[in-house]
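Observations on the three-dimensional arrangement
Letter by letter, the chains look like this.
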Protein chains: 2
Amino acid sequence: MSTATDMRRVVLFRDGRGLSRDLLGGKGAGLAEMAAQGLPVPPGFTITTAVCLEYLASGDRKLDGLESEIRAAMTAVEQTTGKSFGNPANPLLVSVRSGAKFSMPGMMDTILNLGLNRATVAGVIEQTGNPRFAWDAYRRFIGMFSNVVLGLRLGNFEFLLEQYKHKVGARQDTDLDAATLKDVAEAYLALVERELGIPFPEDPWQQLKMAIEAVFRSWNSDRAITYRRHEGISDDLGTAVNVQAMVFGNMGEDSATGVCFTRNPNTGEAKLYGEFLTNAQGEDVVAGIRTPRPIDELDATIPEAAAQLREVARMLETHYRDMQDLEFTIERGRLYMLQTRNGKRTGVAAARIAHDMYREGLITPREAIRRLNAGHVIQMLLPRLDPSYTPEVLATGLAASPGTVGGVIVFDPDEAVTWAEKGKEVILVRPETCPDDIHGMISAKGVLTSRGGNTSHAAVVARGMGKPCVVGCEALQVDVQAGTLTCPDGTVLHKGDALSINGETGEVLKGLVPTLPPEPSAEFQQIMRWADETRKLGVRANADTPDDAERARAFGAEGIGLCRSEHMFFAPDRLPVVQQMILGATEKERQAALATLEGFQRQDFVGIFRAMQGYPVTIRLLDPPLHEFLPNATKLHEEVASLRSVGAPAHEITEKQRMLRQTESMHEVNPMMGLRGCRLGITRPDINAMQVRAILDAACDVLAEGLRCAPEIMVPLVGHPAELKVAKAQLEQIAAEVQERRGMTVPVLFGTMIEVPRAALVASTLAEDAEFFSFGTNDLTQMTWGYSRDDAERSFLFHYLENKLLPANPFQVLDTEGVGQLMRFAMQGGKATRANLKTGICGEHGGDPASIAFAHGLGLDYVSCSPYRVPIARLAAAHAVIEAESTAADQR
Amino acid sequence: MSTATDMRRVVLFRDGRGLSRDLLGGKGAGLAEMAAQGLPVPPGFTITTAVCLEYLASGDRKLDGLESEIRAAMTAVEQTTGKSFGNPANPLLVSVRSGAKFSMPGMMDTILNLGLNRATVAGVIEQTGNPRFAWDAYRRFIGMFSNVVLGLRLGNFEFLLEQYKHKVGARQDTDLDAATLKDVAEAYLALVERELGIPFPEDPWQQLKMAIEAVFRSWNSDRAITYRRHEGISDDLGTAVNVQAMVFGNMGEDSATGVCFTRNPNTGEAKLYGEFLTNAQGEDVVAGIRTPRPIDELDATIPEAAAQLREVARMLETHYRDMQDLEFTIERGRLYMLQTRNGKRTGVAAARIAHDMYREGLITPREAIRRLNAGHVIQMLLPRLDPSYTPEVLATGLAASPGTVGGVIVFDPDEAVTWAEKGKEVILVRPETCPDDIHGMISAKGVLTSRGGNTSHAAVVARGMGKPCVVGCEALQVDVQAGTLTCPDGTVLHKGDALSINGETGEVLKGLVPTLPPEPSAEFQQIMRWADETRKLGVRANADTPDDAERARAFGAEGIGLCRSEHMFFAPDRLPVVQQMILGATEKERQAALATLEGFQRQDFVGIFRAMQGYPVTIRLLDPPLHEFLPNATKLHEEVASLRSVGAPAHEITEKQRMLRQTESMHEVNPMMGLRGCRLGITRPDINAMQVRAILDAACDVLAEGLRCAPEIMVPLVGHPAELKVAKAQLEQIAAEVQERRGMTVPVLFGTMIEVPRAALVASTLAEDAEFFSFGTNDLTQMTWGYSRDDAERSFLFHYLENKLLPANPFQVLDTEGVGQLMRFAMQGGKATRANLKTGICGEHGGDPASIAFAHGLGLDYVSCSPYRVPIARLAAAHAVIEAESTAADQR
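What this report covers is the structure whose coordinates are included nearby. Everything numeric here is computed off the predicted structure, so don't read it as measured data. Every chain is numbered independently, its residues counted from 1 as its sequence is written. Ligands are numbered from 1 and chains lettered from A, in the order in which they are written. With the structure being a predicted model, the display of local features is reserved for residues of pLDDT at least 70 and the display and counting of side-chain atom pairs for 80 or more, all residues being used for whole-chain, interface and lining totals. Side-chain measures were taken over the full set of non-hydrogen atoms in the model, leaving aside hydrogen atoms and water.

This part is about the packing of helix H21 (residues 575-583) of chain B against helix H22 (residues 587-612) of chain B. Residue and element names in this part refer to chain B. Here an axis means a line fitted to C-alpha atoms, over the contact stretch when the element is a helix, while the angle between two N-to-C directions is reported on a 0 to 180 degree scale. Starting at the N terminus, helices and strands are each numbered in turn, a helix being any DSSP run of H or I of at least four residues and a strand any DSSP run of E of at least two. Across the interface, H21 lies against H22 with an axial gap of 7 Å and an inter-helix angle of 145 degrees. In the crossing of H21 with H22, the sense of the turn from one axis to the other is left-handed. Of the residues in H22, those in contact with Val 577, Val 578, Gln 580, Met 581 and Ile 582 of H21 are Glu 589, Arg 590, Ala 593, Leu 594, Thr 596, Leu 597 and Phe 600. Looking at the contact of H21 with H22 residue by residue, the classes come out as eight nonpolar, two polar and two charged. Crossing chirality is assigned from the near helix's rotation relative to the far helix, an anticlockwise turn below a right angle marking it left-handed and a clockwise turn marking it right-handed. The criterion used for residue contact is that any of the two residues' heavy atoms lie within 4.5 Å. Residues are grouped as follows: nonpolar covers Ala, Val, Leu, Ile, Met, Phe, Trp, Tyr, Cys and Pro; charged covers Asp, Glu, Lys and Arg; every other residue, Gly included, is treated as polar.

Spelled out as structure tokens, the structure:
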């Protein structure tokens, strides 16, 4: 590639081959490629993205000096077409289109027929012998230009047009004759002058300059920025501008315009797919006034051009070795290609196309792997909104757990259970959820909350269950008492009303929306097998229960990277026992509760070990602050008051007051950085001891069944090596006791999470005691940035992302510069001390493709993510290998 | 030094010169030095600290193999003394004493007369012709050994002795005759056998082995550990054991025992100071049964020995070039030296002795600087407890701000003001303080709270005011309503009762304790001038008001390193305006409040700039979460209820409810990591704009007066370079506006705090925009460790320190391994980008000597601390220079 040194700012299509998409944009590169291949492309030129960036950096002031280059290019176009830009005798008309590297809605799209004015319109009449065509083209141009370049509202022009139609009794635009269209054009020009105080630009060169600048500026339009933010496209790319000689699909019934895909983008079927309109310009297809016809009918309509189109499609697909998205125009029977680009497709289609192309010998298995992305996998594995349906969005919250689901709403978790038992599909709606609601969440098809962030209880639990969930939808008012959900538009929904949520976009949708069920195709499964053979990173799942573990295996997880041992504490039958363990009045009561919990834990671990069939299971010892398990203080206050008011016995009131006092005394100012993790295990060693004993006993139980079992015990929140030493000493003693008692040997590993920045800094010492490191990138991100995720995502983080302060949400995409640097230190330190140190990620980033690529580069052994993201991680891990190899190849 | 390779485990005093104090302990090294100088030291040997560590590491099991070395050393002692250990014919008796590197209470101190048993006691009678002396020595030995080695309570033995005294009608021990003392000894032996079921060890070698092991074990006694923790002494040093031939001060009126200092440890006067008892053993001096006589009287009592003692004192002081703390015994007119070590002294004495020794040509100014420590400076500059008074401690909280003060207690801040106006000295007692209490804190002499940590409102504000303060004293129950303070022993104090607090120890003291006023002596001031000439680090103060600034200058601060611009918001006349700025119903109301605040801020900054006379003033833009300024939600709830109950107008209730809702909506889960610092400045740029304008206008006001002024504007909590860019752009625009409007140029610097771990990791980029870095080590420690200080110091951190998990509280002593490593990265990155980057510390560590030494090593430009710690910091900065130079010299 020669882009880095190529200083050309204006490039003719025919000279552009070999220049990068970075410089020419996607559209420009496609046109250049087609021109080079000798395909019928109307001549034109591309003004590069570098010019756009220069223009924007100059504060939208500088385009001078460029003019001579544009004039030179235009001269070339004039020579090819035999027409002359701005020359009334034989006018050349051009289109001006934006073209960024990635296709992007929200930017100024297209101006057609530029170069027309009162003088040149006469020339067009002369050329075509068709005054109606000429005046129609002129009035369209004035409208389009006034709207997108001059910023006038399109409605003004449409209103004028309607007035003229009314005046002459025309029903459609096509009913208007040349004279009326001329009047319309004049009225448009008068409107512009009235609105702006200056006349509509007559000079074609002036028109061109203004149009080009408008394209550049549209790079920074709100919609374009929002789109880039959502898609993770850099703001630093800029857009190119394509100026191209006009061809006309509206020159009669042997003329047409259309769009088509070289294969079916919904199913992947290897057959041209698209639509066209005869005697029309591109905007007519978009406007939807006339219904376009399926592409198959083109063969009968304009056979020669149709045959040529099929041949062009085949050539382009073979050249690009991917399904293409084409735009074309047929002018008086002659085909012109206006665009080729890789086409967007559904997950199903992506798998089928990639697999078919492999069989056709077009691409290798590795290329097939690259043709699938995370979005495709999600579409393949979760129920999704029927793409043919446009839902009504009531409000938008945080996308906490993907999948689209509809149901009737309930506000009470008990009711969720009852209704579900009656066969109803329910959406549980709460201000926020807490452990007491868990049975309701299990029974519901989806969960919607008005408060809380991406680490709120609802979000974490729903993700773990693979259940669609939208949280923190603050525009909704949830009144549990009244049983109402009030939308921003004032709509009030009651218990039993239908509602849908899209956990991929965070949208709350009106009514029951149609969804498509998951359907992992054979082609998809084949490509995933290739991915598994390719990747170096192991992929594990975060799973807390035997059910989770089963699911994780089904999705291809090769172990559990994070079993949050305390998640089992939240089950309705266990929570009271946990509370007793914490609040019990006497040591005896607390120890009795602990003993009961040990039985529960052992039984869960047995189930998990069985499900994982000898794959490693990393169990994190108790992590959250104990107050998370306690009843809310306000609730206890109310209970005390109510006991008093009903005249309950004094000892009951005293006991409740004691619990309240204890709960209040456990309140923390910043619980995220308080008494939790190993700090808890060290200050309350009896809980750790119980957990370790349960793990070892469960392992012995499973080994006794003749199964394999590989527990890995993980200490959370370690910041100082002494913490790990204390924990390890305790573990080893208990492990020895259990193994002696059972007369068995358990192959147990002992390791630590790296989630406190300090842990990364002292990793070399930690590795003396730790046999593995698991990067807890959620907390590591929180502390490295000093962001409490719950708070940040409710307030400034959103503002930061919207205002481009940050390139991405660091909780979704691993911050390689900051957090990643700490991980690099930790890897270097850890491996220096213990060469065979096992390393992995168990934060949410373990399911994010960009973060997985970083993990691969860092040389981690595995990533771990929620079961539903395991296939995405498997694919991303393969991508990382292919990406790294191709980068290495480029550098050779 | 040859210590590292010296493998001798038992070292005769006469062979020990040149071995380190690390190995011999302080006492052993002193004895070796004196022996080498030919001073009269009873012969003996030291068992090294290395043996102690070996013994403890072996689980208190291993001393085997050492015995032959001990026997060899004992043989040498026998040869010198002409006596024989365990030989009834001519018995050698020895003392066994612990001796760690640093003098340490809490360890097993002394066993005298070891080697006595039924057989050898007869030998002593033979040697001395004094059966009373022999039996008295024997019964003392049995008692001492049984107590410190066998663990029996001393009271048992004292009770027996009293019984015998009663039986024979003796009033004092000295009234007992030999026969009775023999009976006492036998009764002691019987008691031991009865209590332990085994006879008292008769074999002198067995006695010796047991005594040595007891000394080793006492290294890990609770009291010893607590002392080391408090003094920051490493647990890894171990103690040596000194075995020494007995000499007897109780052999008649020409015998004596005593302790003395070579200069007065209270005043520093250059004159022998101490006391002695004739015909006594060391324990008698300690027991306080007879009143010791001042050392001056020794000249008349035993003139020859006294003259020799004065000569020895002079020699030792000249040798050690420091004031010595001596122990001696005179046996039948002959002087024996038992100990020499550097003596402890008060701040006043330390300064005088150092200065005198400089004038005497004994030490250089740099050595004089080293003779002062932080404790001396505090004593010199703050009122302190009269050391002659032993107060009664009611409870102990956290030492939040030093100084000792007494007064009458009040619970209400308004009352604190009223009472203070009436001339009463009051201690404000609260569960915790909040901004509403500030006027009370200003009026009070000291502040005591039952809740809150070292960063609680009370602690921070009191430190800033230099006012004694104890916080988080949870053993006290403060009932503001009832106006009572209940102590752990059940004592209830009421409003107006007297109480004292010691902010250096955290102790709450009964009644009004006598205190000594601060008195910085001329000698002290001279040494501080030397320190200023020596140090490389600048020393600034953290100061928020013009008063603070004046005080900081008086203490020698060379600028303000941290002016918390928002601390001015808490003043009673401003808080309502601040609340209006946040909660105001309309934009207009909020902007009006902001304008009012701007006036306040400008006026404060003018005062501060004037006070600092052109020294730099670093002003941190708004940092805390806005909800810190708001009324408490519970209080608002109550106000709403009370408005309702009195039937207030609806609009008043509505307005209050609106405020309540808004307050609640601003609640954060982890406010430390939420919407604060630059996140606030970026999301509410109007506040930042107001502050920057106030700073620049104030600077212009001061410059217009012909004064100099050097503001430095600091952005807090930056984690990503974009945050700094946004803030800088805003600053520069406003600075330009003000300078243009005023027609003046302000020499303003722009910089950032490094307090989020990520900031340290991206420091090289930050330095592109920052002209200075100020390390906010408080928050940097919180986030690097993942410790919320408020929570950690209430729960696990205490447990960690007590259980030796951590070497020190990282909030008091900078964690050089973790936090320090991040600081090192930041320095490297920052300096690489901007060679003249200005750097400093503005966290609490800026006043901690160890942390200051680290800052010096890192090459920072300055440290900043509370005004009252400025002299400590100046001294510590000089120490750092001297320390570094001496380390460098050692390595050459």
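Moving on, we come to helix H33 (residues 819-833) of chain A. Taking 1.5 Å per residue as the helical rise, H33(A) with its 15 residues ought to reach 21 Å, and the 21 Å between its terminal C-alpha atoms agrees with that figure. Burial in H33(A) covers these residues: A:Val819, A:Gly820, A:Leu822, A:Met823, A:Ala826, A:Met827, A:Gly829 and A:Gly830. A helix is expected to reach a length of 1.5 Å times the quantity of its residues less one. Working definition: with a 1.4 Å probe on protein chains only, accessible area under 20% of the residue-type maximum means buried, over 50% means exposed, and in between means partly exposed.

This brings us to the packing of helix H22 (residues 587-612) of chain A against helix H26 (residues 685-704) of chain A. Residue and element names in this part refer to chain A. Two numbers describe how H22 lies on H26: the axes approach to 8 Å, and their chain directions differ by 40 degrees. The way H22 lies across H26 gives a crossing that is right-handed. Of the residues in H26, those in contact with Gln 591, Leu 594, Leu 597, Glu 598, Gln 601, Arg 602, Phe 605, Val 606, Phe 609 and Arg 610 of H22 are Asp 686, Ile 687, Met 690, Gln 691, Arg 693, Ala 694, Ile 695, Asp 697, Ala 698, Ala 699, Asp 701 and Val 702. Taken together, the residues of the contact of H22 with H26 break down into 12 nonpolar, three polar and seven charged.

We now examine the relation of the copies chain A and chain B. What sets the superposition is a least-squares fit of C-alpha atoms, and only residues with pLDDT of at least 70 in both copies go into it. Expressed as a screw operation, the relation of chain A to chain B combines 0.1 Å of axial shift with a rotation of 180 degrees, fitting to an RMSD of 0.2 Å. On this basis, the relationship between the two copies can be described by a two-fold rotation axis. Considering only C-alpha atoms, the residue of chain A closest to the rotation axis is A:Asn670, which sits at 2.1 Å. When the interface residues of chain A are mapped onto chain B, 100% of them again lie at the interface, so the same face is used by both copies.

On to the interface of chain A and chain B, then. Counting from both sides, the interface comprises 46 residues of chain A and, opposite them, 46 residues of chain B. A buried area of about 4100 Å², summed over both sides, lies between chain A and chain B, and 60% of it is on carbon and sulfur atoms. When the buried surface of chain A facing chain B is broken down by residue, A:Met673, A:Arg758 and A:Leu761 rank first, second and third, together holding 16% of it. Salt bridge, as used here: a side-chain nitrogen of Lys or Arg that lies within 4 Å of a carboxyl oxygen of Asp or Glu. Summed over the shared surface of chain A and chain B, the result is four salt bridges. Here A:Glu817 makes a salt bridge to B:Arg758, at a shortest N to O gap of 3.0 Å. Pairs of N or O atoms are called polar contacts if they sit within 3.5 Å, as long as, within protein, a hydrogen donor faces a hydrogen acceptor (for residues adjacent in sequence, only side-chain-to-side-chain pairs). Applying the counting criterion to the chain A and chain B interface returns 22 residue pairs in polar contact (both at pLDDT 80 or more). Breaking the side of chain A that touches chain B down by element, the ones donating at least two residues are helix H25 (678-683), helix H27 (721-742), helix H28 (757-761), helix H30 (777-785), helix H31 (789-792), helix H32 (796-802) and H33 of chain A. Reported buried area values correspond to the accessible surface (1.4 Å probe) lost by two parts on association, with both partners' losses combined.

The next thing to look at is the pairing of strand E18 (residues 446-449) of chain A. For a regular strand, side-chain orientation follows a simple rule: the groups alternate between the two sheet faces. All names here are of chain A. The side-chain alternation of E18 yields two buried faces, one formed by Gly 446 and Leu 448 and the other by Val 447 and Thr 449. DSSP bridges decide pairing: two strands pair if at least two such bridges lie between them. The pairing of E18 with strand E19 (residues 469-471) spans two bridges and is parallel. Note that in E19 the partner of Leu 448 across the bridge is Val 470.

Attention shifts here to the sheet that holds strand E28 (residues 616-620) of chain B. Residue and element names in this part refer to chain B. Ordered by their spatial adjacency, eight strands build a closed barrel running E26-E27-E28-E29-E30-E31-E32-E33, and the pairing between neighbours is parallel. Taken pair by pair, the neighbouring strands of this sheet meet at an average axis angle of 30 degrees, ignoring direction. Across four bridges, strand E26 (residues 538-542) lies against strand E33 (residues 862-865) in parallel orientation. Along E33, the bridge assignment pairs Arg 540 with Ser 864. Taken strand by strand, helix H35 (residues 870-891) contacts E26 and E33, and its axis lies near 160 degrees from that of E26.

The next thing to look at is the nonpolar core. In these notes, a set of buried Ala, Val, Leu, Ile, Met, Phe, Trp, Tyr and Cys residues joined through side-chain atoms within 4.5 Å is what counts as a nonpolar core. The biggest cluster of nonpolar side chains holds 229 residues, and the ones touching the most others in it are A:Phe609, A:Met823, B:Phe609 and B:Met823. Contact partners of A:Met823, with chain neighbours within four places excluded, come to A:Phe775, A:Thr777, A:Leu780, A:Leu814, A:Ile841, A:Phe854, A:Leu858 and A:Leu860.

All right, on to the sheet that holds strand E18 (residues 446-449) of chain B then. Residues and elements named next belong to chain B. On the basis of which strands lie adjacent, the open sheet formed by eight strands has the order E14-E24-E23-E16-E17-E18-E19-E15 and mixed pairing. Only two strands of the sheet have a single partner each, and these edge strands are strand E14 (393-396) and strand E15 (398-401). For this sheet, the mean angle separating the axes of adjacent strands, direction not counted, is 30 degrees. Summarising the sheet, strand E16 (residues 404-410) and strand E17 (residues 426-430) pair through three bridges and their orientation is parallel. Following the sheet pairing, Ile 409 is matched in E17 by Ile 427.

With respect to the helices and strands, the residue A:Leu161 is situated in helix H6 (residues 154-168). Each C-alpha atom of the pair A:Leu161 and A:Val577 lies 75 Å from the other, and the pair is 416 residues apart in sequence.

Trans peptide bonds make up most of the peptide bonds, and negative phi angles are found at most residues other than glycine. Its identity as a non-glycine residue notwithstanding, A:Arg332 has a phi of 45 degrees, on the positive side. The exposure class assigned to A:Arg332 is partly exposed, which follows from its relative accessible area of 45%.

Time to look at helix H12 (residues 303-320) of chain A. Residue and element names in this part refer to chain A. Compared with the 26 Å implied by 1.5 Å per residue over 18 residues, the 26 Å span of H12 between its first and last C-alpha is a close match. Structurally, H12 contributes buried residues whose contacts are with helix H1 (21-36), strand E8 (256-261), helix H11 (298-301), strand E11 (324-331), strand E12 (334-342) and helix H13 (347-359). The positive-phi residue at the C-terminal boundary of H12 is Arg 321, with phi of around 50 degrees.

On to the environment of B:Leu66, then. All names here are of chain B. Turning to its location among the elements, Leu 66 is positioned in the loop between helix H2 (49-57) and helix H3 (67-81). Residues Leu 66 and Lys 495, 429 residues apart in the sequence, show an inter-C-alpha distance of 64 Å. Setting aside its immediate chain neighbours within four residues, Leu 66 contacts Arg 9, Val 10, Ile 47 and Val 51.

The analysis is restricted to geometry; functional conclusions fall outside its scope.
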